[in-house]
Amino acid sequence: MSEPHFRFLDSINYPEDLRRCEVQDLRKICAEVREFLVDCVSKTGGHFGAGLGAVELAVALHYVFDTPKDKLIWDTGHQAYPHKILTGRKDRMHTMRQLYGLSGFLKRTESEYDAFGAGHASTAISASLGIATARDFAGHDYKVVAIVGDGSLTGGMAYEAMNNAGLLKKDLIVVLNDNGMVSLSSVRPSLWSFHNYFSEVLTHPTYNKFKANVWELTGKLDTFGDRLRSVAQKFEKGVKAVVTPGMLFEALGFRYFGPFNGHNVIKLVEIFRHVRDLKGPILIHVRTTKGKGYPPAEKEATRLHGVTPFDKITGLTQKKPDEKPALTTVFGKALVEICRQNPRVVGITAAMPDGTGLNILQEEMPERFFDVGIAEQHAVTFAAGLATEGYIPVVAVYSTFLQRAFDQVVHDCAIQNLPVVFVLDRGGLVGADGATHHGALDLAYLRCIQGMVVMAPKDEQELRDMVYTAVQYRKGPIALRYPRGSGLGVPVREGFRELEIGKAETVRNGKDIAILAIGNMVSNAVEAATILAEQGIEAEVVNMRFVKPIDDETIRSVALRMACLLTVEDNVVQGGFGSAVLESLNRQGFNNVAAKIHGLPDQFVDHGTPNELHRMLKLDPRGIAEVAGELLASRKNKPALELISS
């Protein structure tokens, strides 16, 4: 995909090509990589700002280290687009995050240069330590480098890994890519206490006045002044050792170097060459700018963190005039309304206020909003503590990220029967981010927790009512999940209606087959029923609303009238919504119903648009109609009980 005007990048396909270049040419190479990245992502969409800020890092690391023999482990992966450009994938960057195209994260099956795959944060140091330990077991001599964003250091797992690395004293290099943006918040992106402390001290007027005065005085004293300057520099380094995060890293057993300008590629090469053969755990602290080199991304780092295709001149995305409201926004506005009504409701998120809709609460009622950083475990137990004192914490988190706090949901909330509200955004198939971000497991991993209530809305009005219902519920933990994207465009009334816990609703009557659906699959099931009607099949569609407790009464009513029953969900079929329906049938002694579970398969689903993936998995209206038709046909030939899963 590279254009002929790239003087250097056209001939760089792999790191060995880069290493044949002169070091003085690296600045121009970085400029070309940055221009290429802007051109690609403006057409495909994807993670953007973090990669722009890591261009010099990627170039310097591949220039100094003998990759892929030496292992680079990029934390999260969204900062690694320049790494992909330099490692044999330049000509496929136009397929980024598209069906059958390149992944938006690191992926071991995609390239030998991707030493460890990751879409979640704070994993790189742990993985790197494991790789370094395996290297030593095998008697090999390659280098291991973890590249970690400062946001990832808000997660406890990073410190667990550093503590262990300091004890094991393995040869390991950690590069801290500090761009000062630890939360995806357009309101307050810098939440890391260490970062704030470091920035405040080194920019404090007293400190800088002292430094300037010493420099001015010693400049007038010739040779003696040079000696004084040398002493002053040593003193300054001593001050930095006390006031910077270096003190913490040294205490954990790392040798600390920095902070350095992460956009001076020549200096980075010098630093990496210097530390490459040092022994023991090393931490190199570099300061970078998210969105570097592209003014719109530097100015609006949160908005341009992850993007859909945009105008590369302005950085703006063309908005569709008839676009329906985002469900994230529907939730965020509903929570603000509820907080105004109830002074005991608070919102909690793990570095994703804009992504979960809590940015609206952050702006409107900042005292009722908490961003704990990339620390989902802490977020849940923090919420549990609030709940013990009569407050109503609403933990807004991506479905896939709550997996990281499963024990806290069980141990700290459910066992103690605390009324913590969990609102899971990105339930089901999220699209371009792929397997690491699909909310494919939540109905199953929440349903198995004793005392947990689990629900999913069919549209934006029901989402509002479920948020209100969850806040009103005081008998224990309660969760709701909704998909990424927009609502259906249904009219939204003022106020809220409390739903009866565990009660379903029939949205279409029929007599031949019942389709029991949950969440966003309800609208697809209704459309499927219309398709079946054209074939002379009358399908009843039930919006089950609750996965737990399941509505036994409605299931009984359906089973008494129908010979075939199809459940539909965008969750893995093992242990999910369909399993709950089969358990209900079993409890109630039904043995004459052909029941089929239709949902996500027992394999990780790759990236693609939700529509493409639903179509592939027959979870779109036409696919659901086809599966229902096949079930009816099989029933005619096999009148005995069938329990079938997709």
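Colleague: So, the pattern of salt bridges: which residues are in play, and what are the values?
Modeller: Applying the stated criterion across every chain, the model contains 36 salt bridges. When the shortest N-O distance is used, the salt bridge between K503 and E553 registers 4.0 Å. Placement of K503 in the loop between β13 (478–481) and β14 (505–508) and of E553 in helix α23 (residues 552–561) is noted, with a sequence separation of 50 residues between them. For K503, a relative accessible area of 26% puts it in the partly exposed group. What makes E553 exposed here is its relative accessible area of 59%. Salt bridges sharing partners connect three or more residues here, namely K458, D459, E462, E505 and R545.

Colleague: Explain empty space enclosed by the protein to me, using residue names and the numbers behind them.
Modeller: Following the criterion strictly, the structure yields two cavities of 30 Å³ or more and no others. Taken as a whole, the second largest cavity spans an internal volume of roughly 30 Å³. In terms of lining residues, the second largest cavity is bounded by A350, E376, A379, V380, V395, A396, V397 and L402.

Colleague: I'd like a rundown of the pairing of strand β10 (residues 392–398), residues and numbers included.
Modeller: Within β10, seven of the seven residues are buried, which leaves the element mostly enclosed by the surrounding structure. Both faces of β10 are covered, namely the face carrying I392, V394, A396 and Y398 and the face carrying P393, V395 and V397. For strand β8 (residues 345–349) and β10, the ladder comprises five bridges, and the chain directions are parallel. Within β10, the position partnered with V346 by the bridge is P393.

Colleague: Which residues make up the layout of surface pockets, and what values go with them?
Modeller: Estimates place the volume of the second largest pocket at around 520 Å³. Each residue belonging to the lining of the second largest pocket can be placed in one class, and the counts come to twelve nonpolar, eleven polar and five charged.

Colleague: How would you sum up the environment of I12? Please name residues and give values.
Modeller: The topology assignment puts I12 in the segment before α1 (15–19). Judged by relative accessible area, I12 falls into the buried class, the value being 0%. Separated by 74 residues in the primary sequence, I12 and L86 place their C-alpha atoms 7.0 Å from one another. Once you skip the residues sitting within four places of it in the chain, I12 turns out to touch D17, L18, C21, I29, L86 and K90.

Colleague: Go over the side chain of R368 with me, naming the residues and quoting the values.
Modeller: In this fold, R368 is placed in the loop between α16 (359–364) and β9 (369–371). This buried residue, R368, is left without a salt bridge; E367 holds the nearest opposite charge, at 4.9 Å. Of note is the side chain of R368, whose polar atom sits 2.8 Å from the backbone oxygen of C339. The residues touching R368, leaving out its near neighbours within four places in the chain, are C339, N342, P343, R344, V345, V346, G347 and L361.

Colleague: Explain the packing of helix α2 (residues 26–44) against helix α12 (residues 265–275) to me, using residue names and the numbers behind them.
Modeller: In the contact formed by α2 and α12, the axes pass within 8 Å of each other and the chain directions differ by 115 degrees. Classified by the angle between their axes, α2 and α12 sit roughly perpendicular to one another. Between α2 and α12, the contacting residues are L26, R27 and C30 on the first element and V265, I266 and V269 on the second.

Colleague: Tell me what's going on with the side chain of R426, and back it up with residues and numbers.
Modeller: By secondary structure assignment, the location of R426 is in the loop between β11 (421–425) and α20 (442–447). Within the local environment of R426, its side chain forms a polar contact with the side chain of T328, the two groups lying 3.5 Å apart. Within the local environment of R426, its side chain forms a polar contact with the backbone oxygen of G355, the two atoms lying 2.9 Å apart. Sequence-distant contacts of R426, defined by excluding residues within four places in its chain, comprise T328, G355, Y398, S399, H437, G439, Y482, P483 and R484.

Colleague: I'd like a rundown of the sheet that holds strand β5 (residues 255–261), residues and numbers included.
Modeller: Strand order in the open sheet formed by five strands is β2-β3-β4-β6-β5, and the pairing between neighbours is parallel. Here the strands that pair on one side only, and so sit at the sheet edges, are β2 (71–74) and β5. Averaged over all adjacent pairs, the angle separating strand axes in this sheet is 20 degrees, with direction ignored. Relative to strand β6 (residues 281–287), strand β4 (residues 172–178) runs parallel, the two being bridged by seven bridges.

Definitions and cut-offs
- Along each chain, residues carry numbers from 1 onward, in the same order as the chain's sequence is written.
- Local features in this predicted model are restricted to residues of pLDDT 70 or higher, and side-chain atom pairs are both shown and tallied only at a pLDDT of 80 or more, whereas totals for entire chains, interfaces and linings draw on every residue.
- No hydrogens and no water enter the side-chain calculation; it runs on all heavy atoms of the structure.
- Throughout this description, the term salt bridge denotes a Lys or Arg side-chain nitrogen within 4 Å of a carboxyl oxygen of Asp or Glu.
- Helix numbers and strand numbers start at the N terminus; a helix is a DSSP run of H or I with at least 4 residues, a strand a run of E with at least 2.
- For every residue, the accessible area (1.4 Å probe, protein chains only) is compared with the maximum for its type, and the residue is labelled buried under 20%, exposed over 50%, or partly exposed between those bounds.
- Site definitions follow a grid-based scheme: protein atoms alone, a 1 Å grid, a 1.4 Å probe that fits but cannot get out for cavities, and for pockets an open set with protein on both sides within 12 Å along at least five of seven lines, plus lining residues having an atom within 4 Å of a point.
- Grid points are joined across faces, edges and corners, and a volume is the space filled by probe spheres set on the points.
- Strand pairing is assigned whenever DSSP identifies at least 2 bridges connecting the two strands.
- All amino acids are sorted into three groups, where Ala, Val, Leu, Ile, Met, Phe, Trp, Tyr, Cys and Pro are nonpolar, Asp, Glu, Lys and Arg are charged, and the leftover types, Gly among them, are polar.
- When checking whether two residues touch, look at their non-hydrogen atoms; a contact exists if any pair is within 4.5 Å.
- Note that His is not counted, nor are the chain ends; the positive residues are Lys and Arg, and the negative ones are Asp and Glu.
- Polar contacts, as used here, are pairs of N or O atoms within 3.5 Å; protein pairs need one atom able to donate a hydrogen and one able to accept it. Residues neighboring in sequence count only if both atoms are side-chain atoms.
- Interaxial angles span 0 to 180 degrees and are taken between N-to-C directions of axes, which are lines fitted to C-alpha atoms, for helices over the stretch in contact.
- Our angle categories are set so that under 35 degrees counts as roughly parallel, over 145 as roughly antiparallel, 65 to 115 as roughly perpendicular, and the remainder as oblique.

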